[in-house]
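One-letter residues, chain by chain:
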Amino acid sequence: SFSFFDEQNILIENPASHVVSTGSYIYSVRLDNENDENENCFTELTFSILVYDDLTVSVNSSTICASEESTTITATSSGQGLSYSWSVPEGANDPGNVASFQASIEGIYSVIITDQNNCTATDFGTLSINPNPTVSVNSQSICASDGSAAITASATGQGLSYSWSVPQGANDPGNTASFQASV
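None of these values were measured; they are calculated from a predicted model.

Calculation rules
Residues numbered from 1 in each chain as written. Predicted model: local features only at pLDDT ≥ 70, side-chain atom pairs only at ≥ 80, totals over all residues. Heavy atoms only, no water. Helix = DSSP H or I, 4+ residues; strand = E, 2+ residues; numbered from the N terminus. Buried < 20%, exposed > 50% of the residue type's maximum accessible area, 1.4 Å probe, protein only. Contact = heavy atoms within 4.5 Å. Areas by Shrake-Rupley, 256 points an atom, 1.4 Å probe, with all protein chains shown as cover. Polar contact = N/O pair within 3.5 Å; in protein donor to acceptor, adjacent residues only side chain to side chain. Core = buried A, V, L, I, M, F, W, Y, C linked by side-chain atoms within 4.5 Å. Pairing = 2+ DSSP bridges. Axes fitted to C-alpha atoms, helices over the stretch in contact; angles between N-to-C directions. 1 Å grid on protein atoms, 1.4 Å probe; cavity = no way out; pocket = protein on both sides within 12 Å on 5 of 7 lines; lining within 4 Å. Points joined across faces, edges and corners; volume = space filled by probe spheres on them. Nonpolar A, V, L, I, M, F, W, Y, C, P; charged D, E, K, R; others polar.

Our focus in this paragraph is the overall build of the protein. If you tally the helices and strands in the protein, you get zero helices and 14 strands. In sequence order, the secondary structure elements of the protein are arranged as β-β-β-β-β-β-β-β-β-β-β-β-β-β. The buried share among the 183 residues of the protein stands at 21%. Considering only intrachain contacts with a sequence separation of at least 6, the fraction spanning at least 24 residues in the protein is 45%. Approximately 12500 Å² of the protein is accessible, and the part contributed by carbon and sulfur atoms is 46%.

Laid out in structure tokens, this is it:
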């Protein structure tokens, strides 16, 4: 049979259940020979359990427009002496053992980090790519006596804002999809 004892030589059931925080814990185990009626035949062994701080990691999420080339994906961690193992969307290149890299493929980027004590942590971030809005503007031909023409931008997308370039002498119409122009 065997019995576990803590640093104060108090009998405990399971050493792992007594580990409550970061640090080093010393225990002993006593192995008794069950055939020994006098309980003189036993072996005692001392061992320790070393508990490290929890490792944490956070991966950023990002949203870019389709016209942007890439964005930076970064794993931020509390640990030291880290190695990084990334899982990336299909079509994306494996960045290797790095904390930060450029990404241009939409999807989930997850990382498993391992510290010098072999503790691990994992997290993920998402890269979303919004389509670029499309726009077309009507062309007008008018006679000088007509006074003005309606200029209209037809666009796709949501939450659009408009910025017009107009000829010298024309009034800037501001953030609007259509306006009257006379130049």
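Now that the structure has been shown, we can carry on.
Now for the side chain of Asp-115. Tracing the backbone shows Asp-115 in the loop between β10 (107-114) and β11 (120-130). Since its relative accessible area comes to 10%, Asp-115 is described here as buried. Side-chain polar atoms of Asp-115 contact the backbone nitrogen of Asn-117, separated by 2.9 Å. In this structure the side chain of Asp-115 is engaged in a polar contact, spanning 2.9 Å, whose partner is the backbone nitrogen of Cys-119. Residue contacts for Asp-115: discarding those within four places in its chain leaves Leu-55, Gln-80, Gly-81 and Leu-82.

By size, the foremost hydrophobic cluster in this structure holds 17 residues, and its most contacted members are Ile-73, Ala-75, Tyr-84, Trp-86, Tyr-109, Val-111 and Ile-113. Contributions of two or more residues to this core are made by β5 (57-59), β7 (71-77), β8 (83-87), β9 (100-103), β10 and β11.

This part is about the sheet that holds strand β13 (residues 149-156). Neighbouring strands of a sheet are bound in pairs by backbone hydrogen bonds; such pairs are parallel or else antiparallel. Spatial strand order, β12-β13-β14: three strands in an open sheet with antiparallel pairing. On the outer flanks of this sheet lie β12 (134-137) and β14 (178-181), each paired with one strand and no other. Recorded for the sheet is a direction-independent mean angle of 20 degrees between the axes of neighbouring strands. The pairing of β12 with β13 spans four bridges and is antiparallel. Bridging from a neighbouring strand, Thr-134 pairs with Thr-156 of β13.

If you walk across this open sheet you meet the three strands as β5-β7-β9, and the pairing is antiparallel. Because the sheet does not close on itself, it has two edges, and the strands there are β5 and β9. The sheet shows a mean angle of 20 degrees between the axes of neighbouring strands, direction not considered.

Its boundaries defined by the atoms lining it, the second largest pocket holds a volume of some 150 Å³. Residue composition of the lining of the second largest pocket, by class: six nonpolar, three polar and no charged.

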